[in-house]
Amino acid sequence: MTTADLAAQTMPAGTGAHAFEVRGLCKTYGSGPSAVQALVGVDLDLHPGELVVLLGASGSGKSTLLNLLGGLDSPTAGTLRYRGWNLGQADEAGLTRYRRDVVGFVFQFYNLIPSLTARENVALITEIARHPMPTAEALELVGLTPRAEHFPAQLSGGEQQRVAIARAIAKRPEVLLCDEPTGALDVKTGITVLSAVQRINRELGTLTVVITHNAILAEMADRVFTLSDGHIHHARTNADPKPVETLAW
Ligand SMILES: Nc1ncnc2c1ncn2[C@@H]1O[C@H](COP(=O)(O)OP(=O)(O)O)[C@@H](O)[C@H]1O
Ligand SMILES: [Mg+2]
């Protein structure tokens, strides 16, 4: 059976039962004796609107998987589909369109432009996106309305990260990918950041994938996948995902 047949079977046009369909996904960096096999056969279905946490030790392949889901990189082998579209074999132009129209990214470091206010950092995106939300609405969703006119240097780490989240969601992405968004933050601040992520997931229905080192944070998710040596070695569903504010870590 070809991948097109598989897609036709599992992805009736327009229904989107799965957002992502991942089969036997492999990623090898480099070649020859120095090659690194970062992913060695990942199978995964992600559903529209769910909140997923990826756990795993450093080097287990979490960022590699997230980057492939986000169209930042292409797999070496295996199948990667988004709503039936062959993301894994997309050309550069297709990947660019996909990243621009479908995906919002949040990284550990906020990458804000220091000479622009919080509002202006978000407006950069709302000015170029196709169906953006008003900048004020994006800042409201992350609880930063009172700080809209502040520059990054006048904001705490957690506030800067929430600006980065507002920027990522202002274009109303279908998918929000967060790579250790609390990695540089203390516990209390991390809670405010992840609360914003959880609120966006629930209120906007954005399929959200969050990478973290912290197993306690997995309680916030609908589903939790643990990576180990480049494959998913454990998957579970939380019957009752917890509000981030109630998690103690
Ligand atoms: N661009 C790259 N070039 C070479 N090796 C890489 C690259 N990115 C990641 N790796 C390697 O791939 C493996 C998985 O990395 P990564 O996905 O970043 O893991 P994690 O995010 O779980 O810490 C590691 O061994 C890492 O050193
Ligand atoms: Mg990583």
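Residues numbered from 1 in each chain as written. Chains lettered and ligands numbered in written order. Predicted model: local features only at pLDDT ≥ 70, side-chain atom pairs only at ≥ 80, totals over all residues. Heavy atoms only, no water.

1. Overview of the overall build of the protein chain
Put simply, the rule reads: The way it works is that DSSP assigns letters per residue, a run of H or I at least four long becomes a helix, a run of E at least two long becomes a strand, and they are numbered from the N terminus. Using C-alpha atoms as the atom set, the radius of gyration is obtained and then compared with a globule rule of 2.2 Å times the number of residues to the power 0.38. Think of it in three bands: with a 1.4 Å probe and only protein chains considered, a residue is buried below 20% of the maximum accessible area for its type, exposed above 50%, and partly exposed in between. The contact criterion used throughout is that any non-hydrogen atoms of two residues lie within 4.5 Å.
Helices and strands together make up the secondary structure of the protein chain, namely seven helices and nine strands. Scaling as 2.2 N^0.38, a compact globule of 249 residues should have a C-alpha radius of gyration of about 18 Å, and the protein chain matches this with 18 Å. Dimensions of the protein chain along its principal axes, counting C-alpha atoms only, are 55 × 40 × 40 Å. The proportion of buried residues among the 249 residues of the protein chain is 49%. Considering only contacts within the protein chain whose residues lie at least 6 apart along the sequence, 70% involve residues at least 24 apart.

2. Here we look at the site of ligand 1
Going by this rule: A single heavy atom is enough: if one lies within 4 Å of a molecule or strand, its residue is considered near that molecule or strand. Here a polar contact means two N or O atoms within 3.5 Å. Within protein one must be a hydrogen donor candidate and the other an acceptor candidate, and residues neighboring in sequence count only if both atoms are side-chain atoms. Residues are sorted three ways: Asp, Glu, Lys and Arg are charged, Ala, Val, Leu, Ile, Met, Phe, Trp, Tyr, Cys and Pro are nonpolar, and all the rest, Gly among them, are polar.
Residues in contact with ligand 1, as listed here, are Y29, V36, A38, A57, S58, G59, S60, G61, K62, S63 and T64. The separation between an oxygen atom of ligand 1 and a polar main-chain atom of G59 is 2.7 Å. At 3.1 Å, a backbone N or O of G61 approaches an oxygen atom of ligand 1. No other element matches helix 2 (residues 62-69), which puts three residues into the shell around ligand 1. Its residues placed into classes, the shell around ligand 1 shows four nonpolar, six polar and one charged.

3. Some points on the sheet that holds strand 2 (residues 36-46)
In a beta sheet, neighbouring strands are held together by backbone hydrogen bonds and run either parallel or antiparallel to one another. Heads up, the rule is: Each pair of strands is called paired provided DSSP finds at least two bridges between the two strands. Only C-alpha atoms enter the line fits that serve as axes; for helices the fit covers just the stretch in contact. Angles between N-to-C directions range over 0 to 180 degrees.
Taken in spatial order, the three strands line up as 2-1-4 in an open sheet, and their pairing is antiparallel. Both edges of this open sheet fall to strand 2 and strand 4 (77-82), since each of them pairs with a single strand only. This sheet shows a mean twist of 25 degrees between the axes of neighbouring strands, independent of strand direction.

4. Things to note about the pattern of salt bridges
Close approach of charged atoms lets side chains of opposite charge pair. For clarity, the threshold we go by: Within this document, salt bridges are pairs made up of a side-chain nitrogen of Lys or Arg and a carboxyl oxygen of Asp or Glu, the two lying within 4 Å of each other.
Summed over all chains, the structure comprises twelve salt bridges. With a shortest N-O distance of 3.3 Å, E174 and R83 are connected by a salt bridge. Of this pair, E174 sits in the loop between helix 6 (157-169) and strand 6 (175-179) while R83 sits in the loop between strand 4 and helix 3 (92-101), and the two are 91 residues apart along the sequence. Connected through salt bridges with shared partners, the residues R100, D101 and R130 form a single ionic network.

5. Here we look at the side chain of R81
Counted only if it meets this: Think of it this way: Lys and Arg go in the positive column, Asp and Glu in the negative one, and His and the chain ends go nowhere.
Looking at where R81 falls in the secondary structure, it is placed in strand 4. Buried charge R81 goes without a salt bridge, the closest partner of opposite sign being E21 at 4.8 Å. A polar contact is formed between the side chain of R81 and the backbone oxygen of G84, at a distance of 2.6 Å.

6. Here's the deal with the confidence of the model for the protein chain
Do not read the fine detail of predicted coordinates wherever pLDDT is low. As a reminder of what qualifies: Along the chain, pLDDT gives the predictor's confidence residue by residue, from 0 to 100.
For the protein chain, the mean per-residue pLDDT works out to 92, and 93% of the residues sit at or above 70. With pLDDT under 50 throughout, residues 1-15 is counted as low confidence; its partners more than four residues away or in other chains account for 14 contacts.

7. Re the sheet that holds strand 8 (residues 223-228)
Taken in spatial order, the six strands make up an open sheet running 5-6-7-3-8-9, and their pairing is mixed. Edge strands, defined here as strands with exactly one partner in the open sheet, are strand 5 (103-106) and strand 9 (231-237). This sheet shows a mean twist of 15 degrees between the axes of neighbouring strands, independent of strand direction. Sheet analysis places strand 6 next to strand 7 (residues 207-211), joined by five bridges and oriented parallel. The partner of L177 across the bridge, within strand 7, is V209. Taken strand by strand, helix 7 (residues 187-204) contacts strand 3 (51-56), strand 6 and strand 7, and its axis lies near 155 degrees from that of strand 7.

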